[in-house]
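An overview of the molecular structure
Chain residues, written in single-letter form:
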Amino acid sequence: MEGLYEITSPPGDHYPSLTAGTQTDLAVIGGGLTGLSTAIHAARAGTETLVLEGEDIGHGGSGRNHGHCVPILRYLNRERAIQTLGEERGARYTQILLQSGQSVFSMIRDFDIQCEASHTGALQVADTPLRARRLMQTAAYYASLGVPVRYLGASEVREAIGSDHYISGWIHPDGGHLNPLALTRGLARGAAGLGVRIYARTPALKVERQGQAWRITTPRGSVIAQRVIVASNAYTGKFMPPLGKSFIGLQAYGLASEPLDPALRRKILPGNQSLGDNRPEVRYFRFDKMNRLVMGGMVEYAIGVNIPRTIKMMNSRVREVFPELEDIRWQHFWTGQEAVNSDMQPHVYNPAENLFALAGYSGRGVPASVAFGEILALAGTGTPARDLPVETVELRGQPMARAIGVLARVFRGPYNRIRSLSPR
């Protein structure tokens, strides 16, 4: 089974590999959503910027995720941000995250990116009274921050989904869904149009001090940069050992069906929102422009590895919510790496002067990565860490990260399925 996005995305532009020495004000390592967002914001601020991508643009998680743009960030806590950063910085941080969904679709419009963008809202739902109360608490919190949430009762949820499986919900109007590989390729094209130099198939091998600047060594060239942003996330590898070992590495998989019959499609998610619930074993659904149902989950011991077993479990999930899709046929399958921190929020690091890094989106990739690109661009254009609208933390490896990742792969899925059976 082939992946979905390679066959549905417009072709990406060609970017050369670096084959000589060069210099720049800002070097961004990682050509995914975070790196490209950083480069775009830095270039707009007038900073000479280049991007180094180890593979082709969109090769990593930015081009392999499930395509949901859900600006409901589990780590968004205005009170904690203000307590940690102070009133002004904390408020700025909160506002950047609150606007993350708008930022994604604004960039899509700015660069006329053809990525199946559906700015139709993120639909969040619950299936038991207790989960419904918790869901409404989340919605009320976002409403208190100024988000014009739309609450849905049981009949409205039934109408919005085309199913009576859920009893309550709300819609975040700034969310939606898209083709993530097409988005990433489009952002690269937009960055290049702003003068950003992009080098593909150019992995960073080493980052080291050279006088007051930084030297990045690549297989056939090198970069001397005044400032460096490392935005390679789960695909960091070994060139910066503490960062590559600072998070728990997990893997996600995606499945896409054959196109549904248009008449049936009109009954299911007729408003074309992205859908996610708040069960411990989360279910999330969306459709692409050809009426393919797109779903996914975290790779377990066999699920996400053994395709027949994966399809069997996914069919069970689909039938539970949409019984009329009993005969659904799956056509596409793909996987990608994910970086998870123990506190489920991304960490920004400043291990040395003019060197910043970020890792650990923990399942909140598309809107968060674009938003944090805006923050990292401030660092890349000379804003010191003490003035950034985000807390920087100490960079250190987690000795047990690999073991925790293995245990999570074996036990996380079954444990969450058992928890999901409870009305809690």
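Residues numbered from 1 in each chain as written. Predicted model: local features only at pLDDT ≥ 70, side-chain atom pairs only at ≥ 80, totals over all residues. Heavy atoms only, no water.

**Focus: the packing of aromatic side chains**
Any pair of aromatic rings gets described here by the distance separating the centres and the angle formed by the planes. What the rule picks out here adds up to seven aromatic pairs. Ring centres of Tyr 361 and Phe 372 lie 6.2 Å apart, and the angle between their planes is 65 degrees; on these two criteria the pair is classed as edge-to-face. Taken together, the residues Tyr 361 in the loop between β18 (355–359) and α12 (366–380) and Phe 372 in helix α12 connect sequence positions 11 residues apart. An aromatic cluster of three or more residues is present, and its members are Tyr 93, Tyr 361 and Phe 372. Directly above the aromatic system of Phe 287 lies the positively charged group of Arg 265, at a separation of 3.9 Å from the ring centroid. (Phe/Tyr/Trp six-rings, centres within 6.5 Å; stacked < 30°, edge-to-face > 60°. Helix = DSSP H or I, 4+ residues; strand = E, 2+ residues; numbered from the N terminus. Lys NZ or Arg CZ within 6 Å of the ring centre and 35° of its normal.)

**Quick notes on unusual backbone geometry**
Positive phi, normally seen in glycine, also occurs at Asn 233, with a value near 50 degrees. Assignment of secondary structure puts Asn 233 in the loop between β11 (221–230) and α9 (241–244). Judged by relative accessible area, which is 17%, Asn 233 ranks as buried. The phi dihedral of Asn 272 falls on the positive side, at around 60 degrees, and the residue is not glycine. Within the element layout of this structure, Asn 272 appears in the loop between α10 (262–265) and β13 (274–277). (Buried < 20%, exposed > 50% of the residue type's maximum accessible area, 1.4 Å probe, protein only.)

**So, the sheet that holds strand β16 (residues 330–340)**
Read across the sheet, eight strands follow the order β5-β6-β4-β13-β14-β15-β12-β16 without closing on themselves; strand pairing throughout is mixed. Bordering the open sheet on either side are β5 (150–152) and β16, each of which pairs with just one other strand. Mean inter-strand twist for the sheet, computed between neighbouring axes without regard to direction, equals 20 degrees. Relative to β13, strand β4 (residues 122–126) is paired through four bridges, and the arrangement is parallel. In the strand pairing of β13, Ala 122 is matched with Ser 274. Here helix α6 (residues 129–144) sits on the sheet in contact with β4, β5 and β6 (168–172), set at roughly 25 degrees to β6. Packed onto the sheet, helix α13 (residues 401–420) meets β12 (248–257) and β15 (293–298) and runs at close to 35 degrees relative to β12. (Pairing = 2+ DSSP bridges. Axes fitted to C-alpha atoms, helices over the stretch in contact; angles between N-to-C directions. Contact = heavy atoms within 4.5 Å.)

**Some thoughts on the pattern of salt bridges**
Overall, the coordinates contain 19 salt bridges when judged by the stated rule. For Arg 78, the salt bridge identified is with Glu 87, shortest N-O distance 3.7 Å. Arg 283 is the partner of Glu 281 in a salt bridge, and the nearest nitrogen-oxygen pair spans 3.4 Å. In this structure, Glu 281 and Arg 283 share a single accessibility class: buried. Linked by salt bridges that have partners in common, Asp 127, Arg 131, Arg 279, Glu 281, Arg 283, Glu 300, Arg 317, Glu 320 and Arg 417 make up one network. (Salt bridge = Lys/Arg side-chain N within 4 Å of Asp/Glu carboxyl O.)

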